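Structure at a glance
Here is what each chain is made of, one letter per residue.
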Amino acid sequence: MNVTRCDALPDGALAALLGRSGLELAWLAEADAIPGSYWGEPEAGLVGRRLYVRRDTPVHSALHEACHWLCMDEARRAGLHTDAGGTDTEENAVCYLQCLLAEQLAGYSRAQAFADMDAWGYTFILGSAAAWFVGDSDDAIGWLRQHGLIGGDTAPFTPTLPPAAG
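Below or above, wherever it landed, is the structure these notes cover. All values derive from a computational prediction rather than experimental measurement.

1. Concerning unusual backbone geometry
Trans is the prevailing form of peptide bonds, just as negative phi is the prevailing case for residues other than glycine. Pro-42 follows Glu-41 through a cis peptide bond whose omega is 10°. Among the structural elements, Pro-42 can be located in the loop between β1 (24-28) and β2 (45-47). The phi dihedral of Thr-82 is positive, around 75°, even though this residue is not glycine. In this fold, Thr-82 is placed in the loop between α3 (74-78) and α4 (88-102).

Rendered as structure tokens:
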């Protein structure tokens, strides 16, 4: 599988994007096990307020797990370990938000996120991540609006990351 790895990003890019929300990024050595990885290594892991990645972790995986965290309330975050849970609609919102954040991540893009999601094996009724994003994501958009993660009436939406906890 050929997807963009975290080591392809400029130094500090992922931390700069995610750090403003209070999610802690923990870089691990490639030989280290990834705590909280739902899909297994090299996929990103999520435990509490910490996102675990290695240089070989796919960028889309890091964004996806980060977006799970962003979509949770504090009560769910407190018990978070490996399985983010949530509804099918929330999962769609997570996927949509990761595509939005891809545009804000230095060294990455929404087009690359779509390509990586397709290569990894995300499945969408319309056949691709890009087609889903444009033509079948109304439930995700509604969920993100309802939870204050995006605003506005027209695309492209700009995500509103929650502020870091004081």
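2. Section: the packing of helix α2 (residues 59-70) against α4
It is the contact of α2 with α4, at a shortest axis distance of 8 Å, that shows an interaxial angle of 120°. Comparing the axis directions of α2 and α4 gives the class oblique. In terms of crossing hand, the pair formed by α2 and α4 is right-handed. Residues His-60, Leu-63, His-64, Cys-67, His-68 and Leu-70 of α2 touch α4, and the partners they reach there are Glu-91, Val-94, Cys-95, Leu-97, Gln-98, Leu-101 and Ala-102. Here the residues of the contact of α2 with α4 are counted per class, giving eight nonpolar, four polar and one charged.

Calculation notes
Residues numbered from 1 in each chain as written. Predicted model: local features only at pLDDT ≥ 70, side-chain atom pairs only at ≥ 80, totals over all residues. Heavy atoms only, no water. Helix = DSSP H or I, 4+ residues; strand = E, 2+ residues; numbered from the N terminus. Axes fitted to C-alpha atoms, helices over the stretch in contact; angles between N-to-C directions. Parallel < 35°, antiparallel > 145°, perpendicular 65-115°, else oblique. Left-handed = near helix turned anticlockwise from the far one by under 90°. Contact = heavy atoms within 4.5 Å. Nonpolar A, V, L, I, M, F, W, Y, C, P; charged D, E, K, R; others polar.

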